[in-house]
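# Summary of structural features
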Amino acid sequence: MSNYHKPDEKTLQGLKDIANKLRIHSINATCASNSGHPTSCCSAAELMSVLFFHTMRYKADDPRNQCNDRFVLSKGHAAPVLYAAWAEAGFVKESDLLDLRKIDCDLEGHPTPKLAFVDVATGSLGQGLGAACGMAYTGKNFDKASYRVYCMLGDGECSEGSVWEAMAFASYYQLDNLVAILDVNRLGQSEAAPLKHDMETYRKRCEAFGWNTYVVDGHDVEELCKAFWQAQQVKGKPTCIVAKTFKGKDIEDLDNWHGKPIPKDRVNDLLNDLQAQIQVPNKTLCPELPAEDVAPADLSIISLPSPPAYKKGDKMATRRAYGLALAKLGQASQRVVALDGDTKNSTFSETFKKAFPDRYIECFIAEQNMVGVAIGCATRNRTVAFASTFSAFLSRAYDQIRMGAISQTNVNLVGSHCGVSIGEDGPSQMALEDLAMFRAIPTCTVFYPSDAVSTERAVELAANTKGICFIRTSRPDTAVIYSPDEKFEVGVAKVVRKSDNDQVTVIGAGVTLHEALAAADILAGEGKNIRVIDPFTIKPLDAATILASARATGGQIITVEDHYKEGGLGEAVLSAVGTEPGITVNRLAVSGVPRSGKPQELLDIFGISVTCCAIVAVMCSIKNN
């Protein structure tokens, strides 16, 4: 290990000066907006000064450069101090800081990637470290580059379990390019954080999770310089710097100051005090440039190397087809990576792992962290990430998912074992709310493939679609209904059964599409024809095709879905046609809490089987007549 060299006095004074400038900027910005968190900013001032002007390597005029060190402000309410740091670095205009939180300013109350220096949105606490883990894993194992990842957390958010999921992940994967900084300023929003200033307990907890840990005075710039230098020397472990600070360093250390600007009758004296501590007003420190050891991301379209290899009538579960499709996509691009939450032998992501073990990340049973890591992996377009688990368990990570939308992430989430059709495992494993969840995410495309061919194309399309993509896969084997050369597009449905005298339009997806097709066969034998539609994507929904079919079938639509009524396929169709006159939508869906049983028994009990489809179709056709 090389020897530590203490920075000279001019450098140390420059760092102290910048820390006080960051305080001044943060106070001025929050006073101008009459809102914000100046005390949370002030506790982190020295930490930010040393990080941005002594430790981190980055191009100040190109914040999103692929070679730069990464910084995640997990305690997103301290956004003004982040904006202030970038103003001192020269990227943000100092005058723009006074537009904090204004409607026409991108310096929002909490950071978002509208800003080039923000990779992931933060503010819902406990999520930054998971994303930082994804960035660090990518840097170490995929990019194999020298950039490092720094994540600042507040002590209050350490009550979140997702923080400790991320701590366990980083230790397990020996992410020695990752540094977490705990800003232990003692106070939370409404009262003191649980451990207050018990620094030894913080140390023991971090060390128990396998982290190299330093406890420091977070307002001593020389001590911080040394701790960050020591972290760079450590191999095989992530580092946590536990910094004892005071929430209102040079302001207050009292309850009930969280999220409040400094009172007008005190602000001038405080600013004058801080200004008097600055010895060299002009900036003297600049960040060191990064090593040029990362190539720009390849943003070309990723295409399957060969068409689907299935024949009509083959039996294949869409969950298994997903694994095979992802492995094929992995052949086409080195950027494709897979993550799973210890369900890879059920989601069939293990197919990808066997083909590309170096591009597979096992996240174990920690779905919140898995989604956070996937979002981190996808930042700066370094990877095309697919993360899978049972669809029901993605509900645990819903906050990470909604924050992913704010982060403008392009991550792909795949949920298997949807609906009652999984059978004997019972209701705890049955995803019956997932379509509603993902339909509510503003940037999300929702794929619901019904056979192996459409699953393969869904995976291909998801890899090239901006925003969050959700692919819903099913457990039972179902027949292949499409030929290998069938073309699929986002938002374009397939009319899979049609005649000139159809009396009803039936829309199904996944297993219920096959129930609808079976009902169509039965009814055709009785001289009654129904039209059957596969929507392929539930969001966006192909309203034009549905409306045209409804008008051709007397205005009668039946939706049948292995999902609760609320927020599912039926409601999506209602939203599409609800304002059209003369159209009736009859919704067949799961109601109540299911139970264990054979898949077909459960489809029958909840009225979404072939028999139920046929009966309701007959009733609707009678109405038409």
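Residues numbered from 1 in each chain as written. Predicted model: local features only at pLDDT ≥ 70, side-chain atom pairs only at ≥ 80, totals over all residues. Heavy atoms only, no water.

### Re the domain arrangement of the chain
Taken domain by domain, the chain holds domain 1 (9-277), domain 2 (314-480) and domain 3 (494-623). Spacing between the C-alpha centres of domain 2 and domain 3 amounts to 25 Å. Listed per partner, the contact involves 36 residues of domain 2 and 34 residues of domain 3. Both sides of the domain 2 and domain 3 interface together cover about 2,500 Å² of buried area, and 63% of this is carbon and sulfur. Linking domain 2 with domain 3 are 0 salt bridges. Linking domain 2 to domain 3 there are 20 residue pairs in polar contact (both at pLDDT 80 or more). (Domains from an automatic or database assignment. Contact = heavy atoms within 4.5 Å. Buried area = accessible area lost by both parts, 1.4 Å probe. Salt bridge = Lys/Arg side-chain N within 4 Å of Asp/Glu carboxyl O. Polar contact = N/O pair within 3.5 Å; in protein donor to acceptor, adjacent residues only side chain to side chain.)

### Points about helix H16 (residues 452-463)
Its 12 residues place the ends of H16 17 Å apart at the C-alpha level, agreeing with the 16 Å of an ideal helix rising 1.5 Å per residue. For H16, a buried count of 11 out of 12 residues is recorded, marking the element as mostly surrounded by other parts of the structure. Burial in H16 covers these residues: Ala452, Val453, Ser454, Thr455, Glu456, Arg457, Ala458, Val459, Glu460, Ala462 and Ala463. Close packing links the buried residues of H16 with strand S6 (315-317), helix H10 (318-332), strand S9 (384-390), strand S10 (412-416), strand S11 (445-447) and strand S12 (469-472). Here H16 starts with a cap whose side-chain oxygen sits 3.3 Å from the backbone nitrogen of valine 453, and that cap is aspartate 451. (Helix = DSSP H or I, 4+ residues; strand = E, 2+ residues; numbered from the N terminus. Expected span 1.5 Å × (residues − 1). Buried < 20%, exposed > 50% of the residue type's maximum accessible area, 1.4 Å probe, protein only.)

### With respect to the packing of aromatic side chains
Tallying each qualifying case throughout the model produces 23 aromatic pairs. With a centroid separation of 5.4 Å and 55° between ring planes, the pair formed by tyrosine 4 and tryptophan 229 is classed as tilted. Note that tyrosine 4 is positioned in the segment before helix H1 (9-33) and tryptophan 229 in helix H8 (residues 221-233), a separation of 225 residues in sequence. On the accessibility criterion, tryptophan 229 (19% relative accessible area) is buried. Pairing phenylalanine 438 with phenylalanine 470 gives two aromatic rings, centres 4.0 Å apart and planes at 5°, and the pair type is stacked. Of the two residues, phenylalanine 438 sits in helix H15 (residues 434-439) while phenylalanine 470 sits in strand S12, which places them 32 residues apart along the sequence. (Phe/Tyr/Trp six-rings, centres within 6.5 Å; stacked < 30°, edge-to-face > 60°.)

### Here's the deal with the packing of H1 against helix H3 (residues 45-55)
It is at 8 Å that the axes of H1 and H3 come closest, and there the two elements cross at 125°. Here H3 runs oblique to H1, going by the angle between their axes. Viewed along their axes, H1 and H3 form a crossing whose handedness is right-handed. Together, Thr11, Leu15, Ile18, Ala19, Leu22 and Arg23 of H1 and Ala45, Glu46, Met48, Ser49, Val50, Phe53 and His54 of H3 make up the contact between the two elements. (Axes fitted to C-alpha atoms, helices over the stretch in contact; angles between N-to-C directions. Parallel < 35°, antiparallel > 145°, perpendicular 65-115°, else oblique. Left-handed = near helix turned anticlockwise from the far one by under 90°.)

### A short note on the sheet that holds S12
Pairing in this open sheet of 7 strands is mixed, and the strands run S8-S7-S9-S10-S12-S11-S17 from one edge to the other. The open sheet is flanked by strand S8 (360-362) and strand S17 (537-539), the only strands paired with a single partner. In this sheet, neighbouring strand axes are inclined to one another by 20° on average, regardless of whether the strands run parallel or antiparallel. Alignment of S9 against S10, held across 5 bridges, turns out to be parallel. By the bridge assignment for S10, serine 388 is matched with valine 414. (Pairing = 2+ DSSP bridges.)

### What about the UniProt feature "domain: Transketolase-like pyrimidine-binding" (unreviewed entry) in the chain?
In the UniProt entry, the feature "domain: Transketolase-like pyrimidine-binding" (unreviewed entry) is given for residues 316-480. Taken end to end, residues 316-480 comprises 39% helix and 19% strand; its first and last C-alpha atoms sit 7 Å apart. (UniProt positions renumbered as here; feature names shortened; annotations may be inferred.)

### What to know about the pattern of salt bridges
Going through the model one piece at a time under the given rule, you end up with 23 salt bridges. Taking the shortest distance from any N to any O, the salt bridge between glutamate 9 and lysine 6 comes out at 3.8 Å. Between arginine 587 and glutamate 571 there is a salt bridge, with its nearest N and O atoms 3.8 Å apart. Here arginine 587, found in strand S19 (residues 584-590), pairs with glutamate 571, found in helix H19 (residues 569-577); they are 16 residues apart in sequence, far enough to count as distant.

### Regarding the packing of helix H18 (residues 543-552) against H19
Packing of H18 against H19 leaves a shortest axis separation of 10 Å and a crossing angle of 80°. In terms of orientation, H18 and H19 fall into the roughly perpendicular class. Where H18 approaches H19, its residues Ala543, Ile546 and Leu547 are matched on the opposing element by Val573, Ala576 and Val577. Among the residues making up the contact of H18 with H19, the classes are represented as 6 nonpolar, no polar and no charged. (Nonpolar A, V, L, I, M, F, W, Y, C, P; charged D, E, K, R; others polar.)

### Comments concerning the nonpolar core
With 81 residues, the main nonpolar core has Leu129, Leu178 and Leu339 as its most contacted residues. Those residues within four positions of leucine 339 in sequence are excluded, and the remaining contacts are Tyr360, Ile361, Cys363, Met370, Val373, Ala374, Ala385, Phe386, Ala387 and Ser388. One finds Ala60, Trp86, Ile241 and Leu285 within the second-largest nonpolar core, a separate group that totals 52 residues. (Core = buried A, V, L, I, M, F, W, Y, C linked by side-chain atoms within 4.5 Å.)

### Digging into the pairing of strand S16 (residues 531-534)
Of the two faces of S16, the one carrying Arg531 and Ile533 and the one carrying Val532 and Asp534 are both buried. Of the pairings in the sheet, the one linking strand S14 (residues 494-497) to S16 comprises 3 bridges and is antiparallel in character. Within S16, the position partnered with arginine 497 by the bridge is valine 532. In terms of strand pairing, strand S15 (residues 505-508) meets S16 through 3 bridges, oriented parallel. Bridge pairing links isoleucine 507 to isoleucine 533 in S16. With respect to chirality, the unit in which S15 leads through helix H17 (residues 511-525) into the neighbouring parallel S16 is right-handed. (Right-handed = clockwise from strand over helix to strand, strands pointing away.)

### Let's talk about the sheet that holds S14
Spatially, 5 strands are ordered S14-S16-S15-S18-S19 in an open sheet, and the strand pairing comes out mixed. Of all the strands in the sheet, the pair left with one neighbour each is S14 and S19. Mean inter-strand twist for the sheet, computed between neighbouring axes without regard to direction, equals 25°. Of the strands in this sheet, S14, S15, S16 and strand S18 (556-564) touch H18, which is tilted by about 170° from S16. Packing of helix H21 (residues 610-624) onto the sheet brings it into contact with S18 and S19, and relative to S18 it is tilted by some 155°.

### Section: the environment of alanine 378
Within the element layout of this structure, alanine 378 appears in helix H13 (residues 367-378). The spatial distance from the C-alpha of alanine 378 to the C-alpha of asparagine 412 is 9.5 Å, given a sequence separation of 34 residues. Sequence-distant contacts of alanine 378, defined by excluding residues within four places in its chain, comprise Thr383 and Thr409.

### Brief notes about the side chain of threonine 409
Examined against the element boundaries, threonine 409 turns out to sit in the loop between helix H14 (398-406) and S10. Once residues lying within four places of it in the same chain are set aside, the contact partners of threonine 409 are Ile375, Ala378, Gly404, Gly467 and Ile468.

### A closer look at the side chain of threonine 559
Mapped onto the elements of the fold, threonine 559 is located in strand S18. Here threonine 559 is in contact with Ile507, Gly570, Val573, Val585, Asn586, Arg587 and Leu588, once residues within four sequence places are set aside.

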